[in-house]
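Chain residues, written in single-letter form:
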Amino acid sequence: MNMIYIVFIVLLGGALLTFFANRISGLLRDTFFLLTILATTVLFFTKIHIGDTVSFTLAGLNLKWGLDAFGWYFSLIVLGLGTMAAFYALSYMKGKDRLGYFYFSFLISILSMLGILMSHDLVSFFIFWEVMTWSSYLIVIYSGRNVQKNGINYILLSALGAYAMLTAIVMVYANIHTLSISEMINTYPQFSHVQQVWLPVLFLMAFSVKAAMMPLHVWAPGAYSDAPMAYTSVFSGALSKMGIYGMVIVFVSMISYLPDDTLFKETFAWLGAITAILGTLWAIAQDDARKLLAYSSIAQLGYIITGVAVGTDLAMLSALFLAALHALFKGTLFMAVGAIERQTGTVKFTEVTGLIRKMPWTFIASLLAIIALAGIPPLGGFVGKWMLYESLINSNHYILVIAIFFASTAAFLYCYKFLFGFFLGQEEKEWENVKEAPALMVLPMLILAAGTLVLGTFPGILLKPADAAMQTLGYASTEGHLWSMSILFNEWGDQVLLRPLVYAIAGTFLFFLIILTVKGWKNTRYVSTKDISSSGEVPLEYENLTFSVNFYQPFLRAVGPVMKKRMIYYYREFGSGMEALFDYSRRIYNGNGQTYAIYVMIFLVIILLFKNSIFG
């Protein structure tokens, strides 16, 4: 039996065994869950090779699955992050209800993402896409919080994308009478101009929903914050990349054939930049860490979308590099928030602070991830953002690079808010008994965070498979000369020339650390947040005076006009208008048989009058 079949059988069988084992033993359930994800990862990377395919016929349809370098690259994100999240979940989810249901949905979502990446026909792609949507939806509503709000937002936007994709698939089949993705790409230039425009629009609508691109992002903040943190790392780090995966294919295989005056690339590049800017501003405004990271994820995906839309060699390389880096640092941060939530019972910056001594390993992982997110050397985020800036400048997108740089700079504000809010603030008595998270939660965080550090100095580890993925898409081979694409790399293309900068940063940090330590050693006095001067007034016990209250309020007032109304407001207004229209149209169906008979007569008269125009 082909190894591709075996991988899917292992995942599906493991998911079912995990679900039913929950009724027998928690240990047996956890064992099946972990063995399933480990076996899948090992089999995939050792037994399935790039170029392997399998074809079969189902219900008269010719279906084909296989693995190319582009799919392999995104599979690395899915299985790498999925494996780390699985270990993390065993500890985070301990003691919670309906774990068989949660682990089953977790494994099915991994299966569906691998299916998307290995689908060579549109039917398989659509089926796996829908399975991914429904399995992740079951996890979004797992906790039972805000099901009528966030759960419905997620499934409605996903349904909108699914119908758009289905319409595009029907259009393709009606024209070429095949559902092969490669045939669709090869015959796309032969489609009519109208179809050449509508096909990418419909596909991009579906992919933009999953990539949380504005204005189709409204599901993401609620879905990311309501899903258990054991899965949100996969939700943000891997599942959103399925949207990026599809967008790359559409831009390379379809939009590249369209004339420049269609402005597809420019429009989506700016939508990516707007997503980055507004996502960053809304992240700064959050006091709930889950919402902060949710909006931050939207913003980071905006950078990637911009790189994909610009589409030059360096821009696409930066987009693929950032896609993997985003999985590493955002996976780390969602895990860190989950650890804090498990140990303290809250994720609000205004409620818990000063955890650096209580949860030092979580702080270290968070610090590395934040540095990578902010694009500070020597971590991998700097490499990805530098390549993106350089690609925008080289392609004459000067205003666009200013917008992206503003979003990246403003991101420092919520990065600092995250670190200060949880770790660097004043220690309070109510948190004096907090302990570090269990090792099974800490180790995945540290491993992912360490990945951002390694890739900052040795980006060739990731750039080489990214380069191979680009060649699959039709980009010219660089023949290993990755350094020729950016001034950032050394002559071998496998390291970043940052040693002098790293030494300078480390030396400056140590200098000020020594000065501040020596100067403040004897003068430090720890006080509570109530021991302050407050205009001569004595604060009451219930008054929260921590620095995290109204964090960055002057900045938020300054950008207030931009954030005056969220996109969800317009969706709700549209929904209210449609509801009023439907309510009015119900008057037509009044239950009177005579009225319906009149409708039928009117319809027949119209048919008779216009029969020649309608039927020819």
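Data block above holds the structure.
Residues numbered from 1 in each chain as written. Predicted model: local features only at pLDDT ≥ 70, side-chain atom pairs only at ≥ 80, totals over all residues. Heavy atoms only, no water.

Draft legend 1. Looking closely at the overall build of the chain. Helices and strands together make up the secondary structure of the chain, namely 23 helices and two strands. Of all 616 residues assigned to the chain, the portion counted as buried reaches 53%. A separation of at least 24 residues holds for 79% of the contacts in the chain among residues at least 6 apart in sequence. Total accessible area computed for the chain in this model is approximately 28100 Å², and 66% of it derives from carbon and sulfur atoms. (Helix = DSSP H or I, 4+ residues; strand = E, 2+ residues; numbered from the N terminus. Buried < 20%, exposed > 50% of the residue type's maximum accessible area, 1.4 Å probe, protein only. Contact = heavy atoms within 4.5 Å. Areas by Shrake-Rupley, 256 points an atom, 1.4 Å probe, with all protein chains shown as cover.)

Draft legend 2. Fine view of the environment of glycine 71. On the secondary structure map, glycine 71 appears in helix 3 (residues 69-92). Looking at glycine 71, the relative accessible area reads 0%, which means it is buried. In this structure, the C-alpha to C-alpha distance between glycine 71 and tyrosine 245, residues 174 residues apart in sequence, is 8.4 Å. Setting aside residues up to four positions removed in sequence, glycine 71 forms contacts with Leu117 and Tyr245.

Draft legend 3. Structural detail: the packing of helix 13 (residues 313-344) against helix 18 (residues 460-472). Contact geometry of helix 13 with helix 18 gives a least axis separation of 10 Å together with a crossing angle of 125°. By the angle between their directions, the pair helix 13 and helix 18 is classed as oblique. In the crossing of helix 13 with helix 18, the sense of the turn from one axis to the other is right-handed. Note on element contacts: helix 18 touches helix 13 through Leu462, Leu463, Ala466, Asp467, Ala469 and Met470, opposite Asp313, Met316, Leu317, Leu320, Phe321, Ala324 and Leu325. Among the residues forming the contact of helix 13 with helix 18, the class breakdown is eleven nonpolar, no polar and two charged. (Axes fitted to C-alpha atoms, helices over the stretch in contact; angles between N-to-C directions. Parallel < 35°, antiparallel > 145°, perpendicular 65-115°, else oblique. Left-handed = near helix turned anticlockwise from the far one by under 90°. Nonpolar A, V, L, I, M, F, W, Y, C, P; charged D, E, K, R; others polar.)

Draft legend 4. Layout of unusual backbone geometry. Cis geometry is adopted by the peptide bond preceding proline 215, which originates at methionine 214 and carries an omega value of 10°. With respect to the helices and strands, proline 215 occurs in the loop between helix 8 (193-210) and helix 9 (220-226). Look at arginine 98: it is not a glycine, yet its phi comes out positive at around 50°. You can see arginine 98 is positioned in the loop between helix 3 and helix 4 (99-118).

Draft legend 5. Looking closely at helix 18. Taking 1.5 Å of rise per residue, 13 residues should cover 18 Å, and helix 18 covers 18 Å from first to last C-alpha, within 8% of that figure. Residues of helix 18 that are buried sit in contact with helix 3, helix 13, helix 15 (380-394) and helix 17 (439-457). Downstream of helix 18 by a residue or two, glycine 474 has a phi angle that is positive, lying close to 110°. (Expected span 1.5 Å × (residues − 1).)

Draft legend 6. Molecular detail of the pattern of salt bridges. If you walk through the whole model with that rule in mind, you get five salt bridges. When the shortest N-O distance is used, the salt bridge between lysine 348 and aspartate 288 registers 3.9 Å. Residue lysine 348 is located in the loop between helix 13 and helix 14 (360-374), and its partner aspartate 288 is located in the loop between helix 11 (264-284) and helix 12 (289-310); the two are separated by 60 residues in the primary sequence. Residue class for aspartate 288 comes out buried when judged on its relative accessible area of 11%. Of the charged contacts in the structure, one is a salt bridge between arginine 290 and glutamate 341, with a shortest N-O distance of 3.5 Å. Separated by 51 residues along the polypeptide, arginine 290 in helix 12 and glutamate 341 in helix 13 bring together distant segments of the chain. We classify arginine 290 as buried; its relative accessible area is 14%. Within the structure, one salt-bridge network assembled from shared partners comprises Asp288, Arg290, Glu341 and Lys348. (Salt bridge = Lys/Arg side-chain N within 4 Å of Asp/Glu carboxyl O.)

Draft legend 7. Seen up close, the side chain of serine 253. Its place among the elements puts serine 253 in helix 10 (residues 229-253). One polar contact links the side chain of serine 253 to the main-chain carbonyl oxygen of isoleucine 249, over a distance of 2.4 Å. Those residues in contact with serine 253 that sit more than four places away from it in its chain are Ile185 and Tyr188. (Polar contact = N/O pair within 3.5 Å; in protein donor to acceptor, adjacent residues only side chain to side chain.)

Draft legend 8. Structural view of the packing of aromatic side chains. In the structure shown here, the tally under the stated rule is 45 aromatic pairs. Ring plane angle 75° and centroid distance 5.2 Å describe the contact between phenylalanine 70 and phenylalanine 74, whose orientation is recorded as edge-to-face. Here the residue phenylalanine 70 and the residue phenylalanine 74 both occupy positions in helix 3, the gap between them amounting to four residues, near one helical turn. In terms of burial, phenylalanine 70 and phenylalanine 74 fall into one category: buried. (Phe/Tyr/Trp six-rings, centres within 6.5 Å; stacked < 30°, edge-to-face > 60°.)

Draft legend 9. Seen up close, a nonpolar patch on the surface. On the surface, Ile598, Ile602, Val605, Ile606, Leu609 and Phe610 cluster together into a nonpolar patch covering about 580 Å² of accessible area. Locating phenylalanine 610 in the fold gives a position in the loop between helix 22 (593-609) and helix 23 (611-615). (Patch = residues over 30% accessible without salt bridge, like charges linked within 9 Å, V, L, I, M, F, W, Y side chains within 5 Å.)

Draft legend 10. Structural detail: the pairing of strand 2 (residues 61-66). Pairing geometry for strand 1 (residues 53-58) and strand 2, over six bridges, is antiparallel. In the strand pairing of strand 2, serine 55 is matched with lysine 64. Turn length for the strand 1-strand 2 hairpin, with the two strands adjacent in sequence and antiparallel, is two residues, and the turn residue alanine 59 shows positive phi of about 55°. (Pairing = 2+ DSSP bridges.)

Draft legend 11. Main features of the packing of helix 3 against helix 4. Following both chains from N to C, one finds helix 3 and helix 4 inclined at 170°, their axes separated by 9 Å at the closest point. If you check the angle between helix 3 and helix 4, you find them roughly antiparallel. For the pair formed by helix 3 and helix 4, the contact residues are Gly71, Phe74, Ser75, Val78, Leu79, Gly82, Ala85, Ala86, Ala89 and Leu90 on the first element and Phe102, Tyr103, Phe106, Ile110, Met113, Leu114 and Leu117 on the second. For the contact of helix 3 with helix 4, a count of residues per class yields 14 nonpolar, three polar and no charged.

Draft legend 12. How the structure looks around the environment of arginine 357. When you line up the elements, arginine 357 lands in the loop between helix 13 and helix 14. Sequence separation of arginine 357 and glutamate 432 is 75 residues, and the distance between their C-alpha atoms is 9.7 Å.

Draft legend 13. Here's a closer look at helix 17. Along its 19 residues, helix 17 runs 27 Å from first to last C-alpha, staying within 8% of the 27 Å computed at 1.5 Å per residue. The complete set of buried residues in helix 17 reads Met441, Val442, Pro444, Met445, Leu448, Ala449, Gly451, Thr452, Leu455 and Gly456. Of the surrounding elements, those touching the buried residues of helix 17 are helix 3, helix 13, helix 14, helix 15 and helix 18.

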